[in-house]
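Each chain is listed here by its residues.
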Amino acid sequence: MEKRVKFVTLGCKTNIYESDAMAKLFIEEGYSITEDKADVYVINTCTVTGTGAQKSRQAISRAVRENPDAVVAVVGCLAQTESETVSQIEGVDIVCGNKGKGDILRLVREALLSKKQIVACGDIMAEDSFEEIALTSEQSRIRANVKIEDGCNNYCSYCIIPYARGKVRSRNIEKIEEEVKILAEKGYFEIVLTGIHIGSYGKDLNNGLTLIDVIERVCGVEGIRRVRLGSLEPVVITEDFVKRAKKLKNLCPHFHMSLQSGCDETLKRMNRHYTAEEFKNAVKLLRENIPNTAITTDVIVGFPGETEEEFEKSYEFCRQIGFMQMHIFKYSSRKGTRAEKFPNQIPKKIKEERSRKLLSLAENMQKAFYMSYEGAETEVLAEQLKGDFYHCTTANYMDIYVKSDRDISGEIIIVKLDGKGHGEIKK
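On to the sheet that holds strand β7 (residues 144-147), then. Strand pairs in the sheet, formed through backbone hydrogen bonds, run parallel or antiparallel to each other. Read across the open sheet, the three strands follow the order β7-β10-β11; overall the sheet is parallel. Strand pairing shows two members of the sheet lacking a second neighbour, β7 and β11 (226-229), which therefore form its edges. Shown here is a sheet whose adjacent strand axes are inclined to one another by a mean of 30°, direction ignored. Relative to strand β10 (residues 190-194), β7 is paired through four bridges, and the arrangement is parallel. Bridge pairing in β10 places V146 opposite L193. Contacts between helix α7 (residues 173-185) and the sheet are confined to β7 and β10, with β7 contributing the most and set at about 165° to the helix. Helix-sheet contacts for helix α8 (residues 211-219) involve β10 and β11, and the interaxial angle to β10 is about 160°.

With that settled, consider the environment of R244. Position of R244 among the secondary structure elements: in helix α9 (residues 239-245). Taking the relative accessible area as the measure of exposure, R244 reaches 21% and is therefore partly exposed. Along the chain, R244 and N15 lie 229 residues apart, while their C-alpha atoms are 29 Å from each other. At 2.8 Å, the side chain of R244 forms a polar contact with the side chain of E216.

Moving on: helix α11 (residues 276-289). Helix length check: α11, at 14 residues, gives a terminal C-alpha distance of 20 Å against a target of 20 Å (1.5 Å per residue), a fit within 8%. When we look at burial in α11, the residues that qualify are A276, F279, A282, V283 and L286. Summarising the axial view, the buried residues of α11 lie within an arc of 120°, below the 170-degree limit, and thus occupy one face.

With respect to the secondary-structure elements, S404 resides in the loop between β17 (399-402) and β18 (412-417). Residues S404 and S19, spaced 385 residues apart in sequence, show a C-alpha to C-alpha distance of 33 Å. What S404 contacts, discounting residues up to four positions off in sequence, is Y390 and I425. At 2.9 Å, the side chain of S404 forms a polar contact with the backbone oxygen of R406.

Moving on, we get to the pairing of β11. Judged by which residues are buried, β11 turns out to be covered on both faces: R226 and R228 on one side and V227 and L229 on the other are all buried. Bridge count between β10 and β11: four bridges; the pairing is parallel. Within β11, the position partnered with E190 by the bridge is R226. Taking the sense of rotation as the criterion, the β-α-β connection linking β10, α8 and β11 turns out right-handed.

Each aromatic ring pair is described using two quantities: the centre-to-centre distance and the angle formed by the ring planes. Counted by the stated rule, this structure contains 11 aromatic pairs. Residues Y158 and F303 carry aromatic rings whose centres are separated by 6.1 Å and whose planes lie at 80° to one another, so their mutual orientation is edge-to-face. Taken together, the positions of Y158 in the loop between β8 (149-150) and α6 (161-165) and F303 in the loop between β13 (294-301) and α12 (308-321) put the pair 145 residues apart, joining distant regions of the chain. By relative accessible area, Y158 is classed as buried at 10%. Residue classification places F303 among the buried positions, given a relative accessible area of 0%. Ring geometry for F279 against F317: centres 6.0 Å apart, planes inclined by 70°, an arrangement best described as edge-to-face. In this pair, F279 sits in helix α11 while F317 sits in helix α12, placing the two residues 38 residues apart along the sequence. The two residues F279 and F317 agree in class, both being buried.

What follows concerns helix α5 (residues 104-114). Buried within α5 we find I104, L105, L107, V108 and A111. Looking straight down α5, one finds that the buried residues subtend no more than 160° of arc, so they occupy a single side. Of the surrounding secondary structure, the elements contacted by the buried residues of α5 are α1 (13-28), β3 (40-45), β4 (71-76), β5 (94-96) and β6 (118-120).

Our next topic: the environment of Y41. With respect to the helices, strands and loops of the structure, Y41 is situated in strand β3. Here Y41 falls in the buried class, since its relative accessible area comes to 1%. In the structure, Y41 is positioned 318 residues away from L359 in sequence and 36 Å away in space, judged by C-alpha atoms. Other than its neighbours up to four places away in sequence, Y41 contacts K6, D36, A63, E66, N67, A70, V71, V72 and A73.

As a further point, take the side chain of H197. The residue H197 is located in the loop between β10 and α8 in this model. Of the polar contacts made by the side chain of H197, one reaches the side chain of S200; its length is 2.6 Å. Leave out the neighbours within four places in its chain, and H197 touches E149, G151, C152, N154 and E233.

Scoring rules and cut-offs
- Residues numbered from 1 in each chain as written.
- Predicted model: local features only at pLDDT ≥ 70, side-chain atom pairs only at ≥ 80, totals over all residues.
- Heavy atoms only, no water.
- Pairing = 2+ DSSP bridges.
- Helix = DSSP H or I, 4+ residues; strand = E, 2+ residues; numbered from the N terminus.
- Axes fitted to C-alpha atoms, helices over the stretch in contact; angles between N-to-C directions.
- Contact = heavy atoms within 4.5 Å.
- Buried < 20%, exposed > 50% of the residue type's maximum accessible area, 1.4 Å probe, protein only.
- Polar contact = N/O pair within 3.5 Å; in protein donor to acceptor, adjacent residues only side chain to side chain.
- Expected span 1.5 Å × (residues − 1).
- Arc of directions from axis to C-beta.
- Right-handed = clockwise from strand over helix to strand, strands pointing away.
- Phe/Tyr/Trp six-rings, centres within 6.5 Å; stacked < 30°, edge-to-face > 60°.

Written as structure tokens, this is what we have:
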């Protein structure tokens, strides 16, 4: 009888990549991947926010309820930072953090044989090399994620991720190129370079390589028509970076730079390693050198000590930048971070008010950005049919909905934009 495994993945693109890599190991072992009741459940968890941690716990409980006889493996960031708590959840058979995901099959076999719980969460802070799980030659999306590094050395005062992922570990550039070539042969047009802090690529290698070297190498792979970047910080956007990036015709002009706050006082308490002015200069460099650049960002509201004046500074800064898209997060305290103990914690009601105000600004800025493309003709990657329209994306990551009489999923086509998120296919 065929063995079935179900993956539930919370959080970031790095987790998505790692789940795909683990799934490949199970497929090679003869398992089928299912969305239904399974013999093995792998819950790849998130803990970047309180909401992410809560959703991870709920996913664990659902798996246990769905099949009490299954092997339930909890892996990833929540497993790493709260291994003792996770191991006490009834029905959990395996707890594995962010070290050793490549051993997931061995852990499942041991759990089946021993009928005892296995906790395999080593000291992630002691890790100093990138863990290769598997070349992900099959992924479940039109675009493919490629993990190029793990870990973060920044220790922002609100962030638990360095404790969940450890220090920066960069992947061998030859391995990255090898995987991208395989994906190109499989027919993928678009590659997303992902990791926990990709801007830190190379800092541990002592060979002079940086993120732009990886981007150039991947952009040079035959058949890859789009290369998209994961989240960056403004310190990465130097004159040399932009000078080299502008020559790469298949590098998507979409840059997600995490702002978190447009107020220097707040940024300092957050232990972010740049000022609002440096962020603005990075945006200016990109827009002046790379046509059709779209800037997206993350912003935290209600960080401890954020006064009304500081919030207004941040709001006005965002308005001046004119982001194409903003992800707004209400600050949530994470146990083990410095900000957890900061004075002047902001009441929930104020955080919600500030969130609503920024969300309204984000909506207006996005509308203005889309309208600036009214009547323009551009390439879009058609992804999947949603109702009567195909969801497509431009190179600068606008969501465009297109009607077609034939199946266009997976194709890059030219459309005329209406400035409101729809496009008409040009014959």
